[in-house]
Amino acid sequence: MSGNDDYTRYLAREKYFSDQIVNNSRSMISIINRNYVYEKVNTAFCDAQKGMEGSIIGKSLGDVWGHETFNARIKPNIDRCFEGATVRYEASFTIPQAGKRFFEVIFRPFPAESGEITHLLAETFDITDLKLTEKFASDKEEEFRRFETNLPIGFLRCKPDGMIIHANRAFLMIMDCIEESSIQNADLRDYYSEKGLLDFHLEQLKDHKPKTFGRVPLKTCKNNDIVCRISAFMTADEAGNPSYIDFSFEDSSRELMLENRLLQAQKLETIGALAGGIAHDFNNILATISGYSELLQNDLPRTSPSADNVAKIMAAVSKARSLTNQMLTFSRQVEQEKVSVNVYDVLKETIGFVRSAVPSYIKIKSSFRVRNVPVFADPTQLFRVFLNLMTNAIQSMEERPGTISASLALVKGKNVQKELNKDIVADEYVLVTVKDMGKGMDPSLLRRIFEPFFTTREVGKGSGLGLSVVHGIVTEMGGEIMVSSKINEGSVFYIYLPVSREYEPLSVITGKNKRILFITGNKHESRILSLALESAGYEITLSSDMDHLNKIVTDTKKRPDLIIYMIEAEQIRTDDLIGILSKQDIRIPCIIIADSNQTAEEEKLVNSGIVNQHLIKPVSLREIINAIQVSMS
Amino acid sequence: MPGILIVEDENDLREMLKVSLTRRKFTVLEAENGKDAIIHFKPAVTDLVITDLIMPEEDGLKVIMRLRELKPSIKIIAISGGGKAGPASYLNLAKALGADAVYSKPFSVNEMIMKIEELLVIEQDM
C-alpha cells in the first residue's frame, strides 16, 4: 500500500507543481470542450475576467465573450483547431475594467488518449503593450514620411559614394523629375553642373558634422540650369563607417533672379546717370558746333559749294542730337508729355506698321484679350517701345521662317507685385508680350541687353541704344520690362504697364478747337501721332491726296490752323506742298517731320521758307506740341 | 542797341552766342555762372538774359527768379542740355518761372535771334 501512497503523493506533488506553473503564468490558459464550454481555466484567466474559477468553468465561450463576438471571431478558429490545426491569431477584446486589450491567441488540439480531439488548449497572451509600442513606432514613421514628403525643401538620401537611395517630392519638383524611380540608383554627380564639386563636398562631410555648401549650380532632369542651396550630413553605423548621407536642397533660383534684377537695375541707374551727364555735356558742344555752322551758313551765298558742306555739318549735328536725346530718354532725363492712351490702339497700329515691311516667311500673330487698356503715356514713346521690340524680334529670326506673336492681357496689381517683387503703383497692369522664334540669347547676353551701346550687331549697324531707350521709357511710366530667352528657340519680352482709368490732365496748355492737317505716307505711324494730338485736344484731319489737300486749304471754313507734313508722304510731293503753301493768300504754319537721314526733299522744303518748325524722327509728343505752339504763336 | 546778358558756364558756347549776337549789333554782357550774373547784374543796360539752367554756383532757375525781381521788365530766354529736377524738366520749370522762351541744346541760333528781335521789338513798341 505504501507504494500506492507514494504514487498518490507523487501524483499530488506533480499536480501541485503543474497547477503552480499554470496558475502563476501570466498567460490566460483554458481547456475548452467540443461544446465550446470552458472545462478548466487558470488564475490569470480568472483575474482577467474578475471572476472565480468556479463561476467560469461550465460557461460557454459565448456566455463569456458575447455570442456575437464568439460566432464571428472565435468559433471559426476553434473549429479549425478541432480539425487538427494549431491556430494562432491576434485579436482585441474588451475586458471588464481593463478596457480594450490586444491578445495573441493560440488554440492547440488536446486529444484524448484515443487520439480523438475532444478538447483544445487555449492560450491567450496580453500583447497590448507590445502592440502600442509597435503602433507608436509606425505612427511616428508615418508622420515622418508625411513630413518628409510634404517638406517644401528637397530631401535626398545617398550612399556614401553618391548613389541616390531616396528623394522626396520637393526634390523631384525642384529637379523636374517625373518620379522617384527615375533617379533612384542614379549618380548625384550627374546633377551637379560643376564636375568634381560633389566629391569635394563628400570629402568635407567625412568628419560627420553637418555642412552647408551655399549655392550650388545644378542641372535638372530636363537639363535646365538651376541653383540650389545645399546642406548635408553624413551618418555613420555603429562601427563608425559611413552608412548614408542626407542632403537638403533649397531652390534659390528665384532669389538669385531677384538679386540679379536688383543688381541690374542699380547698374542701369548708374549707367543712366553717366549717360545723362555725357548727353548733357555733348548737347553743349553740339550747340556750339551748330551755332558756328549757322553763322557760317549765313555768310555763305546759297550757291557756294561750301554751303553744302555746312549743311552736312548741321545734318550730322541733328543725328548727334537724336543720339543724345536717346541717351537722355534712357537715363529718364527727358520729361514726357503724357496723355491717356489705349495700349491696344498703339499696339495694333505698330503691328500694322511692321506687317507692311516684314518678309513673307515671317508671320505676325496677335492675341488681344482686352481692347480697352488706358495707360498714361506719350503714345509716340509707346510706339517706339513696341516698334523696337517687334523690329528686334524680326531681326532675331534672321532668315528662318516662323511666327512673332504679340499679346495683351490684364494682370492684377498684387500678382504683379508677387511676380516682380516690387512696389506697385496701380491696382491693375497691362502685360504686353512679344515673342519670337529667333536665335535667342544666352544668359550672359541677356543680362546686358538694356545697357546703352550694348549691341550684338556689327559695328556701325544700329547704335545699341534701342533697348536701353525702351527700358527708360517703360521705367519712366512706372512699368517694368523683363525678358526670357533660349538659344535657338527664341525670346519673349514682357512689359508691365500700370493701367490708369482715371483722367489725368495734360501738363501743357493745348489749343482747343485748333485744326491740324496731317499729311502722311504711312498711316499707322501718323495714326499714333494723331491719336496723341487728339488726346491733347487738337482736331486732326488726315490727308493723303492732292485733291483733298487743295480742297481743304482753299476752303476758308475748313482751312486748318496748322499743317504737319511727314517727308515720306508719297501721294503729296514736297514740290506740290511748296506750290500750295507759297500762294499769297494761303499762309498756314507748317511743321515737317523728317527721318534722321537728311534728304534733298527736306532741304528743298527748309529752303522754300514755308516751314516753321523742322523735327527729326523719332519725335516725342512734347516736341511736337512745343513745335505746334511755337508755330502758331 | 539793346544789351543782352549771356549766362553760360560752357566757354565755347558762350563765346559762340557772343559772336552771333555782336554781329547783330547787340551789346553783350557775360557771366560764367548764376552767382556772377546776379552779383554783377546791371539792370540799366540789360534788356534780355540768355541763361543756361544747370550751372555750378547758383543755377539758372535762381537767376530767372532773382533777375525778375531786380528788373521785372527783363526778357528771359532759357537754354538747357536736358535734365530733370524731379518729375518736370528744367526747361518747363523755367517756363513756369516766367522765361519768355526756352530752347533745348543744340538749338538754332538764327531761330533764337529771330525770337530775341521779336521780344525786344515788342518791348520798344510798348
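What you are looking at is a predicted structure, and each value in this text was computed from that prediction instead of being measured.

Caption draft 1: Structural view of the overall build of chain A. Each helix and strand counted, chain A has 20 helices and 22 strands in total. Within the span of chain A, comprising 633 residues, buried residues form 32% of the whole. Considering only residue pairs separated by 6 or more positions, chain A has 62% of its internal contacts joining residues 24 or more positions apart.

Caption draft 2: The arrangement of the nonpolar core in detail. Counting 89 residues, the largest nonpolar core has Val375(A) and Ile519(A) as its most contacted members. At nine residues, helix α12 (residues 379-397) of chain A tops the list of elements feeding residues into this core. When near neighbours in sequence (up to four residues on either side) are disregarded, Val375(A) contacts Val341(A), Val343(A), Val430(A), Met477(A), Leu497(A), Pro498(A), Val499(A) and Ser500(A). Counting 39 residues, the second-largest nonpolar core is a separate cluster that includes Val7(B), Phe26(B), Leu91(B) and Ala99(B).

Caption draft 3: A look at the pairing of strand β5 (residues 117-126) of chain A. As paired elements, strand β1 (residues 28-33) of chain A and β5(A) share six bridges and run antiparallel to each other. When the bridges of β5(A) are listed, Ile29(A) appears paired with Glu123(A).

Caption draft 4: Geometry of the interface of chain A and chain B. Contacts between the two partners involve 19 residues from chain A and, on the opposite side, 21 residues from chain B. When contributions to the side of chain A that touches chain B are tallied by element, the ones reaching two or more residues are α9 (253-299) and α10 (305-330) of chain A. It is α9(A) that contributes the most residues to the side of chain A that touches chain B, 13 residues altogether. Grouping the amino acids of the side of chain A that touches chain B by side-chain chemistry returns eight nonpolar, eight polar and three charged.

Caption draft 5: Summary view of the sheet that holds strand β3 (residues 48-52) of chain B. Residues and elements named next belong to chain B. Taking strand neighbours across the sheet as the criterion, the five strands line up as β2-β1-β3-β4-β7 in an open arrangement whose pairing is parallel. At either margin of the open sheet sits one strand with a lone partner, and together these are β2 (27-31) and β7 (101-104). Between one strand and the next, the sheet's axes are offset by a mean angle of 20°, whatever the strand orientation. As judged from the four bridges shared by strand β1 (residues 3-7) and β3, these two strands associate in the parallel manner. If you follow Ile6 over to β3, its bridge partner there is Ile50. Strands in contact with helix α1 (residues 11-23) are β1, β2 and β3; relative to β2, the strand with the most contacts, it is inclined by about 165°. The sheet strands contacting helix α3 (residues 60-70) are β1, β3 and β4 (75-80), and the helix crosses β3 at an angle near 160°.

Caption draft 6: Structural context of the sheet that holds strand β17 (residues 490-498) of chain A. All names here are of chain A. Taken in spatial order, the five strands line up as β12-β14-β15-β17-β16 in an open sheet, and their pairing is mixed. Because the sheet does not close on itself, it has two edges, and the strands there are β12 (362-368) and β16 (480-486). Direction aside, the axes of adjacent strands within the sheet are offset by 15° on average. Here seven bridges tie β12 to strand β14 (residues 402-412), and the two strands are oriented parallel to one another. Among the inter-strand pairings, Ser366 is bridged to a residue of β14, identified as Ala406. Sheet strands in contact with helix α13 (residues 413-420) are β14, β15 (428-435), β16 and β17, and its direction is about 115° off that of β14.

Caption draft 7: Just the environment of Asp561(A), in detail. Residue and element names in this part refer to chain A. Relative to the helices and strands, Asp561 resides in the loop between α17 (546-554) and β20 (562-566). Note: C-alpha distance between Asp561 and Ile516 (45 residues apart in sequence) is 5.9 Å. Setting aside chain neighbours within four positions, we find Asp561 in contact with Lys514, Arg515, Ile516 and Met632.

Caption draft 8: View of α12(A). Residue and element names in this part refer to chain A. Between its terminal C-alpha atoms α12 stretches 27 Å, which fits the 27 Å expected from 19 residues at 1.5 Å a residue. Counting buried positions along α12 gives 16 out of 19 residues, so the element sits mostly inside the fold. Glu398 sits one or two positions beyond α12 and adopts a positive phi of about 50°.

Caption draft 9: Looking closely at the packing of α10(A) against helix α15 (residues 466-476) of chain A. All names here are of chain A. The N-to-C vectors of α10 and α15 enclose an angle of 45°; their axes lie 7 Å apart at closest approach. If you check the angle between α10 and α15, you find them oblique. Only Ser468, Val469, His471, Gly472 and Ile473 of α15 make contact with α10, whose side of the interface consists of Gln326, Thr329 and Phe330.

Caption draft 10: Local environment of the environment of Glu603(A). By secondary structure assignment, the location of Glu603(A) is in helix α19 (residues 600-608). On the neighbour-count criterion, Glu603(A) (15 C-beta atoms within 10 Å) is partly exposed.

Caption draft 11: Representation of the environment of Thr329(A). Residue and element names in this part refer to chain A. Assignment of secondary structure puts Thr329 in helix α10. Residue Thr329 is classed as buried on the basis of its C-beta count, with 27 C-beta atoms lying within 10 Å. Separated by 140 residues in sequence, Thr329 and Val469 have C-alpha atoms that sit 5.8 Å apart. The contacts of Thr329, once residues within four sequence positions are left out, are Val334, Val469, Gly472 and Ile473.

Thresholds applied
- Residues numbered from 1 in each chain as written.
- Chains lettered and ligands numbered in written order.
- Predicted model: local features only at pLDDT ≥ 70, side-chain atom pairs only at ≥ 80, totals over all residues.
- Helix = DSSP H or I, 4+ residues; strand = E, 2+ residues; numbered from the N terminus.
- Buried ≥ 20, exposed ≤ 12 C-beta atoms within 10 Å, placed from the backbone.
- Contact = placed C-beta atoms within 7 Å.
- Core = buried A, V, L, I, M, F, W, Y, C linked by C-beta atoms within 7 Å.
- Pairing = 2+ DSSP bridges.
- Nonpolar A, V, L, I, M, F, W, Y, C, P; charged D, E, K, R; others polar.
- Axes fitted to C-alpha atoms, helices over the stretch in contact; angles between N-to-C directions.
- Expected span 1.5 Å × (residues − 1).
- Parallel < 35°, antiparallel > 145°, perpendicular 65-115°, else oblique.

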